[in-house]
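Structural features, examined
Residue strings, one per chain:
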Amino acid sequence: MTDEKQRHALLDAALRHVPFDGWTWIALDAAARDCGIEAAEARRLFPGGPAELVRGFSDEADRRMLADLERLDLASMKVREKVAAGVRLRLEAIAAHREAARRALSFLALPQNAALGLRCLYRTVDAIWYAAGDTATDYNFYTKRALLAGVYSSTLLYWLNDKSEDYAGTWSFLDRRISEVLKVAGRLGKGVGAAMNLPDRVLGSLTAAAGSGSPRMPFARRRRGPRRGARA
């Protein structure tokens, strides 16, 4: 078994222990026993320990979200609809491990883990925006991600305590939050709100008219940050 497969197996096994033991070395060692792996080998595979486990949990949820987004007819959707779908699919990707997600929030709230929490949040909202067709490289790049980070974080907190059937309350909350963000974006005058309401085909036409000249890459393989020299 390759290291990558062993890491996946350990993460899956650890998720059965996290609700009781938290994101701890205890959970990792228990996962190793479940997988028939020596504790020392498990620590080699996850040298960062619990923090690396949390990062793996977040990254795996991002991958599942992107895979599910690729199955949608994104070209027929407005950007705001794709953003909402991204947030919803990201939460659905961790729905089977809601208590582990709650524990992860507590873990990331610790001062020593704050930087990791920000990196995980950034990677999630960045992936959603690229899936939505975002090609911004100026101040809009950061504005969009900051606004979506607020939407995602607040929706995640609501979802963790949502007892409504099929999380209907969460999806209504998400729609309201996106509408609120559109109002904020409009006041910022950055064009973010307008962009989120345009169908993808219109955005593509505008990009072509602007003379971009570069084909749009599949979102799962796009660049991961603004181009060098772009304005912050």
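The model shown is predicted, which means the values in this text are computed figures rather than measured ones.

Digging into the layout of surface pockets
Put simply, the second largest pocket is a space of about 400 Å³. Looking at the lining of the second largest pocket, the elements with two or more residues in it are α5 (50–70), α7 (98–108), α8 (114–131) and α9 (139–160). A total of six residues in the lining of the second largest pocket trace back to one element, the largest contributor, which is α8. Residue composition of the lining of the second largest pocket, grouped by class: 14 nonpolar, four polar and one charged.

Section: the environment of Gly-36
Along the polypeptide, Gly-36 turns up in the loop between α3 (25–35) and α4 (39–45). Between the C-alpha atoms of Gly-36 and Leu-10, which are 26 residues apart in sequence, the distance is 9.9 Å.

Here's the deal with the pattern of salt bridges
A side chain of one charge can pair with a side chain of the opposite charge when the charged atoms of the two come close. Taken as a whole, this structure holds 18 salt bridges when the rule is applied. Of the charged contacts in the structure, one is a salt bridge between Asp-3 and Arg-44, with a shortest N-O distance of 3.0 Å. Residue Asp-3 is located in helix α1 (residues 3–14), and its partner Arg-44 is located in helix α4; the two are separated by 41 residues in the primary sequence. On the accessibility criterion, Arg-44 (43% relative accessible area) is partly exposed. Here Arg-90 makes a salt bridge to Asp-62, at a shortest N to O gap of 2.6 Å. Here Arg-90, found in helix α6 (residues 79–93), pairs with Asp-62, found in helix α5; they are 28 residues apart in sequence, far enough to count as distant. With a relative accessible area of 5%, Arg-90 lands in the buried category. Each of Asp-126, Asp-134, Lys-144 and Arg-145 takes part in a single network of salt bridges with overlapping partners.

Points about unusual backbone geometry
One non-glycine residue, Asp-166, lies in the positive phi region at around 55°. Along the chain, the position of Asp-166 falls in the loop between α9 and α10 (168–188). For Tyr-167, which is not a glycine, the phi torsion comes out positive at approximately 60°. Within the secondary structure, Tyr-167 sits in the loop between α9 and α10.

Regarding the environment of Leu-74
Within the secondary structure, Leu-74 sits in the loop between α5 and α6. It is 8.5 Å that separates the C-alpha atoms of Leu-74 and Ala-131, two residues lying 57 residues apart in sequence.

Some points on the nonpolar core
Within the largest apolar cluster, 59 residues are counted, with the highest numbers of intra-cluster contacts made by Leu-10, Trp-23, Phe-57, Leu-69, Leu-91, Ile-94 and Leu-148. With residues near it in sequence (within four places) discarded, Leu-91 still touches Tyr-152, Thr-155, Leu-156, Trp-159, Thr-170 and Trp-171.

Considering the packing of aromatic side chains
Under the defined criterion, the tally for this structure stands at six aromatic pairs. Plain terms: the ring middles of Tyr-158 and Phe-173 are 4.6 Å apart, the flat faces sit at 15° to each other, and that makes the pair stacked. On the criterion of sequence distance, the pair formed by Tyr-158 in helix α9 and Phe-173 in helix α10 is long-range, its members being 15 residues apart. Taking relative accessible area as the criterion, Phe-173 reaches 16% and is therefore assigned buried. What links up through ring pairs into an aromatic cluster is the set Tyr-130, Phe-141 and Tyr-142. Across from the ring centre of Trp-159, 5.6 Å away, lies the NZ or CZ of Arg-98, which sits over that ring.

With respect to the environment of Val-79
Tracing the backbone shows Val-79 in helix α6. A relative accessible area of 4% means that Val-79 is categorised as buried. The sequence separation of Val-79 and Ala-132 amounts to 53 residues, and the corresponding C-alpha distance is 5.6 Å.

A short note on the packing of α1 against α5
At a closest axis distance of 10 Å, the pairing of α1 and α5 adopts a crossing angle of 100°. Relative to α5, the element α1 is oriented roughly perpendicular. Taken together, the residues of α5 that come into contact with α1 (itself represented by Arg-7, His-8, Leu-11 and Ala-14) are Glu-52, Leu-53, Gly-56, Phe-57, Glu-60 and Arg-63. Each residue belonging to the contact of α1 with α5 can be placed in one class, and the counts come to four nonpolar, two polar and four charged.

Thresholds, definitions, all that
- Residues numbered from 1 in each chain as written.
- Predicted model: local features only at pLDDT ≥ 70, side-chain atom pairs only at ≥ 80, totals over all residues.
- Heavy atoms only, no water.
- 1 Å grid on protein atoms, 1.4 Å probe; cavity = no way out; pocket = protein on both sides within 12 Å on 5 of 7 lines; lining within 4 Å.
- Points joined across faces, edges and corners; volume = space filled by probe spheres on them.
- Helix = DSSP H or I, 4+ residues; strand = E, 2+ residues; numbered from the N terminus.
- Nonpolar A, V, L, I, M, F, W, Y, C, P; charged D, E, K, R; others polar.
- Salt bridge = Lys/Arg side-chain N within 4 Å of Asp/Glu carboxyl O.
- Buried < 20%, exposed > 50% of the residue type's maximum accessible area, 1.4 Å probe, protein only.
- Core = buried A, V, L, I, M, F, W, Y, C linked by side-chain atoms within 4.5 Å.
- Contact = heavy atoms within 4.5 Å.
- Phe/Tyr/Trp six-rings, centres within 6.5 Å; stacked < 30°, edge-to-face > 60°.
- Lys NZ or Arg CZ within 6 Å of the ring centre and 35° of its normal.
- Axes fitted to C-alpha atoms, helices over the stretch in contact; angles between N-to-C directions.
- Parallel < 35°, antiparallel > 145°, perpendicular 65-115°, else oblique.

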